[in-house]
Amino acid sequence: MVTLRQRRQLTNRLMVVLSTGATLFGLFWLGWIMLTTLRYGLGALSHRLFTEMTPPPGSEGGLLNAFYGSLMMIVIAIGIGAPIGILAGTFLAEYHRHTHQGAVIRFVNDILLSAPSIVIGLFVYEVLIRRLGHFSGWGGGIALAIIMLPVVVRTTDEMLQLLPANLREAAFALGIPRWKVVSAVLYRAASAGILTGVLLAVARISGETAPLLFTALNNQYWSGSPSGPLANVPVVIFQFAMSPYDSWHALAWAGAFIVTLFVLGLAVLSRSILARGKVRQ
Amino acid sequence: MTDSINRPTFTLQHRAPSRWLSDTSADRVFQLLAGSAGYLVLGVLLAAALSMAWGGRHAFATFGWHFFTSTDWDAVNKKFGAVVPIYGTVVSSTIAIAIAVPISLGVAIFLTEIAPRWLRAPVSTAIELLAAIPSIIYGMWGLFVFVPFMSEHIQPWLIAHLGPIPGLGRLFQGAPIGIGMLTAGIILAIMIIPFITAVMRDVFLAVPSGLKDGCLAMGSTTWEVIRNVVLPYTRSAVIGAIFLGLGRALGETMAVTFVLGNAHELKLSLLEPGNSIAATLANEFTEADSDMYLSSLIALGFVLFLVTLVTLAIAKLLLLTVQQREAKGR
């Protein structure tokens, strides 16, 4: 005969086991994916990766043009997305902290944050690439900037709101105009947080593939300018992985390894910046 | 200049550095800049929806409601219907939610109620790293590692044991080729677990400790505290988290493109290759050789955008109610 107390203890223990199991289940996939990327990626690494162009089918080569193209598009995205995002975040935190306007923009921003990236690519294709008549690295950079935007808006908004009110009051008491208070006092105080937002956004866009399929597409050759189709690591990984050639598969794994390393590195770095900021506060 | 001696204030103003903008107008310019950046966020969302509706207008005008009831996908005769990709998106996302929700709930409970304190931060970070891994890596891992694993170990067992069951068995028919809805759903589940977990963990942490302590003081077990206090208190946020995960799953592209199989046929079995809206776009966009083909693809994109927007808006509204209650409680 099981007493009520025993039954309750048993249910409790079963729940502990189940949720611990769920956590192990989650960590198991992380381990499996990381090990796979590490194993195949390390095996495919070589110096040729950074010195040679993407090869034609079946032959050896590197990913130099793809790395360069990705870097260029990320720089374009930061150049467009970061200033607009920081300004929009400032607008929310400093001008519309508790207004309906602010609430609406925050709501839309949060939706944009989770909106499918492939749709952003289609949008840029519709308004830009179709008018241009050819695929373009600028389009890729703009699409990535749009994906980056909500991340920067949100972190800037949050970080500015976290600043103590007496910082603003002290600055205003000195008769400093508002734009100077924001740019010289608040931005400086929240710089670590805002930087984290930009880093997180870069981490998010550096592996993005879907929007680039409709904008930058790919380019087998070296292209120094972003005004034409531009090679980039994610699309190269996609095309090479889907191909039947072993040498292309190896390159795709090498690219995947480096992108993963880069993204996870950024994620860890931005976390440590945030943690340091918290300790100081 | 000459009468400056009679007006001391003039010298004061004169000493101030001359600028091309006074402070008041500089303030106005700055606010205008910030405001236009803020409204750009709104504008992007509207412009994206409108431009896709515009791009898909040929398909909507030609096929009308038939676009949503037809299973055709015929590039040669230029007849397109959205049923197969919509079905694939719905089915793969449903599988993902069915797997991810209980797991995320378990992880969130583990992180907030069970794990010793020193373990919480590292495990939390590890789970969040799952969200940082680019989706193309999931896709590659899926294609080269998980698909062979499914076809050798999981699918033969499913076909042998669940296949003969009448009714349910129809979902598990076919050859164990590894790709298909089930594989895509499982990979989607892994991808959305960190998003759902993060929201659940945060709202569980926000439950007032007085309520939990009271329940414990009455002699409740940890599980009873969770079931009778934590879950009822956070119900709408938990549902919001699920919708957030659903929104992510619906639009996920690269991971499913690798493992769905790009087959434009309506199959009931979860082990057969299929397609989803996002995978169709990724696979066929560069191959679209006619205006109608392109327009149909963009129309598909419009449908996907609309559906995810509604899903995410529901998620956000559910989460907002909790935040507002919290703000009032303080």
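Residues numbered from 1 in each chain as written. Chains lettered and ligands numbered in written order. Predicted model: local features only at pLDDT ≥ 70, side-chain atom pairs only at ≥ 80, totals over all residues. Heavy atoms only, no water.

Draft legend 1. View of the overall build of chain A. In terms of helices and strands, chain A carries 11 helices and zero strands. Sequence-ordered secondary structure for chain A, helices as α and strands as β, is α-α-α-α-α-α-α-α-α-α-α. In terms of C-alpha radius of gyration, chain A reaches 23 Å, well past the compact-globule figure of 19 Å for 281 residues. Looking at chain A as a whole, 55% of its 281 residues are labelled buried. Here the contacts in chain A between residues at least 6 apart in sequence split such that 73% fall between residues at least 24 apart. Looking at chain A as shown, the accessible area adds up to about 12,500 Å², and 68% of this sits on carbon and sulfur atoms. (Helix = DSSP H or I, 4+ residues; strand = E, 2+ residues; numbered from the N terminus. Rg over C-alpha atoms; globule rule 2.2 N^0.38 Å. Buried < 20%, exposed > 50% of the residue type's maximum accessible area, 1.4 Å probe, protein only. Contact = heavy atoms within 4.5 Å. Areas by Shrake-Rupley, 256 points an atom, 1.4 Å probe, with all protein chains shown as cover.)

Draft legend 2. Representation of the nonpolar core. Of all hydrophobic cores here, the largest spans 195 residues; its most connected members are A:I118, A:M148, B:Y138 and B:F305. Among the elements that line this core, the one with the most residues is helix 13 (residues 291–329) of chain B, at 17 residues. Apart from residues no more than four positions distant in its own chain, B:Y138 is found in contact with A:I33, B:L130, B:I133, B:I187, B:I190, B:M191 and B:A255. (Core = buried A, V, L, I, M, F, W, Y, C linked by side-chain atoms within 4.5 Å.)

Draft legend 3. A look at the environment of B:G240. Within the secondary structure layout, B:G240 lies in helix 10 (residues 235–251). Spatially, the C-alpha atoms of B:G240 and B:L317 are 7.6 Å apart, while their sequence positions differ by 77 residues.

Draft legend 4. Main features of the side chain of A:E126. Along the chain, A:E126 falls in helix 4 (residues 117–132). For A:E126, a relative accessible area of 3% puts it in the buried group. Residues in contact with A:E126, not counting those within four places in the same chain, are A:R131, B:S51, B:W54, B:G55 and B:I298.

Draft legend 5. Representation of the packing of aromatic side chains. Evaluation of the coordinates by the stated rule reveals 32 aromatic pairs over all chains. Here A:F238 and B:F258 contribute two aromatic rings whose centre-to-centre distance is 5.5 Å and whose plane-to-plane angle is 85°, an arrangement assigned as edge-to-face. Pair noted here: A:F238 is in helix 10 (residues 233–242) and B:F258 is in helix 11 (residues 254–260), and the two residues belong to different chains. Its relative accessible area of 7% is what places A:F238 among the buried residues. (Phe/Tyr/Trp six-rings, centres within 6.5 Å; stacked < 30°, edge-to-face > 60°.)

Draft legend 6. Representation of unusual backbone geometry within the structure. In this model, A:L217 sits at a positive phi of 50°, which is unusual for a non-glycine residue. Counting through the fold element by element, A:L217 comes out in the loop between helix 9 (210–213) and helix 10. A:L217 gets classed as buried once you look at its relative accessible area, which sits at 19%. The backbone of B:N262 sits at a positive phi, close to 50°, despite the residue not being glycine. On the secondary structure map, B:N262 appears in the loop between helix 11 and helix 12 (277–284). You can call B:N262 partly exposed: its relative accessible area is 33%.

Draft legend 7. Geometry of the interface of chain B and chain A. With 82 residues of chain B at the contact, the number on the chain A side is 79 residues. Overall, the association of chain B and chain A removes approximately 7,200 Å² of surface from exposure, summing both partners, and the carbon and sulfur fraction of that is 81%. Taken together, the connections running from chain B to chain A amount to three salt bridges. Among the salt bridges present, the one from B:E224 reaches A:R8, with a minimum N-O distance of 2.7 Å. Here chain B and chain A share nine residue pairs in polar contact (both at pLDDT 80 or more) between them. (Buried area = accessible area lost by both parts, 1.4 Å probe. Salt bridge = Lys/Arg side-chain N within 4 Å of Asp/Glu carboxyl O. Polar contact = N/O pair within 3.5 Å; in protein donor to acceptor, adjacent residues only side chain to side chain.)

Draft legend 8. Local environment of the packing of helix 4 (residues 83–114) of chain B against helix 9 (residues 222–233) of chain B. All names here are of chain B. The contact between helix 4 and helix 9 brings their axes to 12 Å, and the two run at 110°. Overall, the two elements helix 4 and helix 9 adopt an arrangement that is roughly perpendicular. Note on element contacts: helix 9 touches helix 4 through T222, I226, V230 and L231, opposite L105, I109 and E113. The class makeup of the residues in the contact of helix 4 with helix 9 is five nonpolar, one polar and one charged. (Axes fitted to C-alpha atoms, helices over the stretch in contact; angles between N-to-C directions. Parallel < 35°, antiparallel > 145°, perpendicular 65-115°, else oblique. Nonpolar A, V, L, I, M, F, W, Y, C, P; charged D, E, K, R; others polar.)

Draft legend 9. Fine view of the environment of A:T54. Residues and elements named next belong to chain A. In this structure, T54 sits in the loop between helix 1 (4–44) and helix 2 (64–95). Separated by 166 residues in sequence, T54 and Q220 place their C-alpha atoms 6.0 Å apart. Residues in contact with T54, not counting those within four places in the same chain, are G62, L63, N65, N219, Q220, V236 and F240. A polar side-chain atom of T54 sits 3.0 Å from the main-chain carbonyl oxygen of Q220.

Draft legend 10. Spatial organisation of the confidence of the model for chain B. Residues and elements named next belong to chain B. Scored by pLDDT, chain B comes out at a mean of 88, with 93% of its residues at no less than 70. Considering each helix and strand of chain B separately, the mean pLDDT is smallest for helix 1 (residues 8–15), with a value of 47, and largest for helix 4, with 95. Low pLDDT (under 50) marks residues 1–5, which in the prediction has one contact with non-local residues, meaning those over four places away or in another chain. This stretch, residues 7–15, has a pLDDT under 50; its non-local contacts, to residues over four places away or in other chains, come to one contact. Overall fold confidence for the complex sits at a pTM of 0.91, while the interface term, ipTM, reaches 0.91. (pLDDT = per-residue confidence, 0-100.)

Draft legend 11. Molecular detail of a nonpolar patch on the surface. Residue and element names in this part refer to chain A. Among the surface-exposed residues, L35, L38, L42 and L45 lie close enough to one another that they form a single nonpolar patch of about 360 Å² accessible area. On the secondary structure map, L42 appears in helix 1. Looking at L42, the relative accessible area reads 48%, which means it is partly exposed. (Patch = residues over 30% accessible without salt bridge, like charges linked within 9 Å, V, L, I, M, F, W, Y side chains within 5 Å.)

Draft legend 12. Representation of the pattern of salt bridges in the model. Residues and elements named next belong to chain A. Scanning the model with the defined rule gives 16 salt bridges over all chains in all. Residues D110 and R154 are paired through a salt bridge, measuring 3.5 Å at the closest nitrogen-oxygen approach. Placement of the pair is D110 in helix 3 (residues 100–114) and R154 in helix 5 (residues 137–162), with a sequence separation of 44 residues. Here D110 falls in the buried class, since its relative accessible area comes to 14%. A relative accessible area of 34% places R154 in the partly exposed class.

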